[in-house]
Amino acid sequence: MRRLLVAGNWKMNASTDMAKALLSDILAADVQHCDVAVFPPFPYLSLAADTLADSAIQFGAQNCSTAEAGAYTGEVSVGMLQDIGCGMVLIGHSERRSLFHETDAAVLAKTERVLAAGMTAVVCVGETLDQRQSGYAELIVKQQLSALLHQLTEPQWSQVVIAYEPVWAIGTGETATPEQAQQMHAFIRSLLAGVSQKVADETRVLYGGSVKAANAAELFAQADIDGGLIGGASLTAEEFLGICRS
Ligand code: PEP
């Protein structure tokens, strides 16, 4: 049985005051019925580590370097994230793919680093509107997952969460219908079955793209949707906790 995960991607939004208030509201809500994770920007990760210590709420970074250490100005290594207690890293978000030219090869390299550190990789995939309208949505998602499907071993998959995030639904207010999302999640699970039935049965596949408290329950009720990766709606405690309660 896969336990639902609701993860908040704060993107490049926060201040110390905002992060403190949001983290303490999430902590106080004491959500029991699903796993909860937050992905604050790098400068607030230590605050998350201190605030969430001894709680079941997990926290992670929104990106990491492909390199281990050294002369990579501006980069943050997996070792550093591990050092401050991060349990998770978001990899291959569509904004990183489109704005920062992150390739599938970089996604694989980052994922392998995260897994080697014993952390969880939340790997994002999803098609653009053009790709969907041209009938290529499944092909694109398959391509984005291909290297992982070929390179990762069965035990490594226990440290991977996939987030299906159609690019046309991210930050647009336009959510995939539960049927559209379920269809893609079932397809992703069929790809995972190519690794093994255990991997297909146990890997969590989150949906992301304009999830709100008002539409989360219907999405999360789908057989192959195991929770959500939440952007805008993760920035207010009431909305984020409303999604967690869904
Ligand atoms: C995201 O950025 O991962 C996301 C899903 O954003 P939003 O919920 O705002 O669409």
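Scroll up to find the structure this text is about.
Residues numbered from 1 in each chain as written. Predicted model: local features only at pLDDT ≥ 70, side-chain atom pairs only at ≥ 80, totals over all residues. Heavy atoms only, no water.

Draft legend 1. Highlighting the overall build of the protein. Across its full length, the protein holds 11 helices and 8 strands. By its C-alpha atoms, the protein is 45 × 45 × 35 Å across when sized along the principal axes. When each of the 246 residues of the protein is scored for burial, the buried share is 53%. Put simply, of all contacts in the protein between residues at least 6 apart along the chain, 72% involve residues at least 24 apart. For the protein, the accessible surface area stands at approximately 11000 Å², while carbon and sulfur atoms represent 51% of it. A gap of 2 Å separates the mean positions of the 15 positive and 27 negative side-chain charges of the protein. (Helix = DSSP H or I, 4+ residues; strand = E, 2+ residues; numbered from the N terminus. Buried < 20%, exposed > 50% of the residue type's maximum accessible area, 1.4 Å probe, protein only. Contact = heavy atoms within 4.5 Å. Areas by Shrake-Rupley, 256 points an atom, 1.4 Å probe, with all protein chains shown as cover. Lys, Arg positive; Asp, Glu negative; His and termini not counted. Charge placed at Lys NZ, Arg CZ, Asp CG, Glu CD.)

Draft legend 2. Here's a closer look at the state of the cysteines. One pass over the full model with this rule turns up 0 disulfides. Its sulfur unpaired, cysteine 34 is 4.7 Å from the next cysteine sulfur, which belongs to cysteine 244. Counting only cysteine sulfurs, cysteine 64 is the nearest neighbor of cysteine 86, a cysteine outside any disulfide, at a range of 10.0 Å. Owing to a relative accessible area of 4%, cysteine 86 belongs among the buried residues under this scheme. (Disulfide = S-S within 2.5 Å.)

Draft legend 3. Broad picture of the layout of surface pockets. The volume enclosed by the largest pocket comes to roughly 390 Å³. Classifying every residue of the lining of the largest pocket gives 7 nonpolar, 4 polar and 3 charged. (1 Å grid on protein atoms, 1.4 Å probe; cavity = no way out; pocket = protein on both sides within 12 Å on 5 of 7 lines; lining within 4 Å. Points joined across faces, edges and corners; volume = space filled by probe spheres on them. Nonpolar A, V, L, I, M, F, W, Y, C, P; charged D, E, K, R; others polar.)

Draft legend 4. Representation of the sheet that holds strand β1 (residues 5–9) within the structure. Pairing in this closed barrel of 8 strands is parallel, and the strands run β1-β2-β3-β4-β5-β6-β7-β8 around the ring. The mean angle between the axes of side-by-side strands here comes to 25 degrees, regardless of whether they run parallel or antiparallel. Note: β1 against strand β8 (residues 227–230), 4 bridges, orientation parallel. Bridge assignment links alanine 7 to a residue of β8, and that residue is leucine 229. Packed on one face of the sheet, helix α2 (residues 45–52) meets β2 (35–39) and β3 (58–61) and runs near 170 degrees to β3. (Pairing = 2+ DSSP bridges. Axes fitted to C-alpha atoms, helices over the stretch in contact; angles between N-to-C directions.)

Draft legend 5. A look at the pairing of β8. Here β8 shows a buried face lined by Gly227 and Leu229 and a second buried face lined by Gly228 and Ile230. Bridging between strand β7 (residues 204–208) and β8 involves 2 bridges; their strand directions are parallel. Bridging from a neighbouring strand, glycine 208 pairs with leucine 229 of β8. Since β7 and β8 lie parallel, the crossover through helix α10 (residues 213–220) that links them has a hand, and here it is right-handed. (Right-handed = clockwise from strand over helix to strand, strands pointing away.)

Take it as geometry only, folks, not as evidence of what the structure does.
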